[in-house]
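Remarks on the overall topology
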Amino acid sequence: MGDTKIKSRNELIPIIEHVHKQGKKIALTNGCFDILHVGHIHSFREAKKQSDILIVALNSDDSVRALKGKERPFVSEDQRAEVLAAMSDVDYVVIFNELDPLSIITDLKPDVLVKGEDWAEGTIIGQDVVEARGGKVIRVSLKKGVSTTNLIKKIKTSG
């Protein structure tokens, strides 16, 4: 992990504590981000507007396989993390191995949890943890017709 934006959970905890002591806000979003597209960029931009620091929690290769099937991910976790870290709106990237982000959200204590509007109200994992600390959950609008699933279908039919 050569990029200074890519941190372990344990490396991020003291950074977050320092940021909170400065009175700054932290936003967190999470996902597989296997094939990055404009919808993801839109989501990161909106998340960054809500905070001083944006953390992207990235599903590990093992958790992507468990969630999406044995042919996924197409891009390894190290490469996905490096691409995310290169984005100007992303301050830190952390890889997590669990099937859902509850423990990373609990450990990192974001002030704002950001998810796409495809997550129905009341179904967002970690919402209760964030709101119990006085934080908020933001559901960002999606770019119409843009999704990793649609891109995969397009690639498969054009090949």
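Details of the structure are given in the entry above.
This section reports on the structure supplied with the text. Since the model is a prediction, treat every value here as computed from it, not as a measurement. All residue numbers here refer to positions counted from 1 along the written sequence of the relevant chain. Totals for whole chains, interfaces and linings use all residues, but because this is a predicted model, local features are given only for residues with pLDDT of at least 70 and pairs of side-chain atoms are given and counted only at 80 or more. Derived side-chain values reflect all non-hydrogen atoms in the structure, with water molecules and hydrogen atoms excluded from consideration.

1. Quick look at the overall build of the chain
The number of helices and strands found in the chain is seven helices and five strands. Only DSSP runs of H or I covering at least 4 residues are called helices, and only runs of E covering at least 2 are called strands; the numbering of each starts at the N terminus. Ordering the α and β elements of the chain from the N terminus gives α-β-α-β-α-α-β-α-β-α-β-α. Compactness check: the chain gives a C-alpha radius of gyration of 15 Å against a globular reference of 15 Å for 159 residues, within 12% of the reference. The principal-axis extents of the C-alpha atoms in the chain amount to approximately 50 × 35 × 25 Å. Residues counted as buried form 44% of the 159 residues belonging to the chain. A sequence separation of at least 24 residues applies to 73% of the contacts in the chain between residues at least 6 apart. When the accessible area of the chain is evaluated, it comes to approximately 8,600 Å², of which 51% is carbon and sulfur surface. Just to be clear, the radius of gyration here is over C-alpha atoms, and the globule rule we use is 2.2 Å times residues to the power 0.38. Working definition: with a 1.4 Å probe on protein chains only, accessible area under 20% of the residue-type maximum means buried, over 50% means exposed, and in between means partly exposed. The contact criterion used throughout is that any non-hydrogen atoms of two residues lie within 4.5 Å. All accessibility values rest on the Shrake-Rupley procedure with a 1.4 Å probe; residue burial counts only the protein chains present in the view.

2. Quick notes on the pattern of salt bridges
Any Lys or Arg side-chain nitrogen found within 4 Å of a carboxyl oxygen on Asp or Glu counts as a salt bridge. Considering all chains together, one arrives at eight salt bridges under this definition. The shortest N-O distance in the salt bridge between Arg9 and Asp107 comes to 3.0 Å. Note that Arg9 is positioned in helix H1 (residues 9-21) and Asp107 in helix H5 (residues 102-108), a separation of 98 residues in sequence. Owing to a relative accessible area of 17%, Arg9 belongs among the buried residues under this scheme. The class of Asp107 is partly exposed, set by a relative accessible area of 30%. Each of Arg9, Glu98 and Asp107 takes part in one network of salt bridges that share partners.

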